[in-house]
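For reference, the chains in residue letters:
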Amino acid sequence: MNHQSTNTTTTDAFLPRVSVVIPIYNSETDLSELINCLFAQTYPKEWVEYLLVDNNSSDRTFEILQQTAKNSPILIRPLSENQIQSSYAARNTGIRAANGQIIAFTDADCRPQPDWLEFLIAPFVNNDVAIVAGEITALPGNNLLEKFADRQDTLSQKHTLNHQFCPYGQTANLAIRRQALEKAGLFRPYLTTGGDADICWRIQRENIGRLEFATKAIVQHRHRTTLKELQSQWRRYGHSNRYLHELYGVELMRDITLKECTYRLARWLIKELPRDSIKALAGKIHLVDLLNTPIGLFTARARTVGQREAKLPEKAKIIQML
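Residues numbered from 1 in each chain as written. Predicted model: local features only at pLDDT ≥ 70, side-chain atom pairs only at ≥ 80, totals over all residues. Heavy atoms only, no water.

### Some points on the side chain of Thr154
Here Thr154 shows up in the loop between helix H5 (144–151) and helix H6 (157–161). The exposure class assigned to Thr154 is buried, which follows from its relative accessible area of 14%. (Helix = DSSP H or I, 4+ residues; strand = E, 2+ residues; numbered from the N terminus. Buried < 20%, exposed > 50% of the residue type's maximum accessible area, 1.4 Å probe, protein only.)

### What about the pairing of strand S4 (residues 75–80)?
Pairing of strand S3 (residues 48–54) with S4 involves six bridges; the strand directions are parallel. Along S4, the bridge assignment pairs Glu49 with Leu75. Regarding topology, helix H2 (residues 61–70) serves as the crossover connection from S3 to the parallel S4, and that connection is right-handed. (Pairing = 2+ DSSP bridges. Right-handed = clockwise from strand over helix to strand, strands pointing away.)

### Side note on the pattern of salt bridges
Within the structure shown, the criterion is met by 19 salt bridges. The partner of Glu260 in a salt bridge is Arg254, with the nearest N and O atoms 3.0 Å apart. Put simply, Lys317 and Glu314 hold a salt bridge, and the shortest N to O gap is 3.6 Å. For Glu314, a relative accessible area of 59% translates into the label exposed. When salt bridges that share partners are traced, they join Asp30, Glu33 and Arg111 into one network. (Salt bridge = Lys/Arg side-chain N within 4 Å of Asp/Glu carboxyl O.)

### Side note on unusual backbone geometry
Positioned with a positive phi, Asn56 is a non-glycine residue whose angle comes to about 65°. Assignment of secondary structure puts Asn56 in the loop between S3 and H2. A positive phi angle, near 55°, is found at Asn207, a position not held by glycine. Turning to its location among the elements, Asn207 is positioned in the loop between helix H8 (195–205) and strand S9 (210–221).

As structure tokens, then:
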């Protein structure tokens, strides 16, 4: 189950057919930047198809996809998943329609760098590699919450690749060999979070192949900019903890109680804030460093609440096969 890192690039001797699957929901504002990133990919365009799967959007997402595909210099295939409202169900729709030997994944609000596919696909030259995870970095942001998340490397794959139970890669930047999906099955379509861990764990635990980390295969992602968005993000992490606990017996995260939050906030106000304010005025630390404790407690509490309130739906146990 150990993962390894690689910086290898693809060569003319190894150019497998690639299908890039991207689930999309109400993302008309993101599509222009996303598609420009796809246009810019250096992997030979004749070896790649892009399956953009609309998941029952209520805006103009699917219409824009259809219009873009008509005059595109790359092969864009607009698809729809309207039966199940889940990004994993949308990914399954893309996988079923895919022709590639390698299935790569990213999201509508991500910005793959031009050489993303080159670096992400290269490790598959080794036949024992079944999964490759690329790195996720932050798009530039000026908001204090964005800066906090950036300093914490919230989106980085290094957290999931070092999971104490088993390493996994997030679907914002992931590629899986088609043969591995044929053996292990597809995403659980009714799962709303945690599906990336689940599919990576199934492949590794069944000894289908190993996971490798392509450090130079970079996708950029925007951090949350409001407390409401941040709370939703960390509650979802809590839901994921609970679902994976019920599916695999993974240890739950420690609860952060209101009493503990109150104590730590009081200590921050009385001790840490006065001390760190002096450092900030002297230019020794950034303003965002003053807020590490309250924001950290806010996210930890949101995760605790999410973990407590979540219960794995019975349907989420369903694994669809290719």
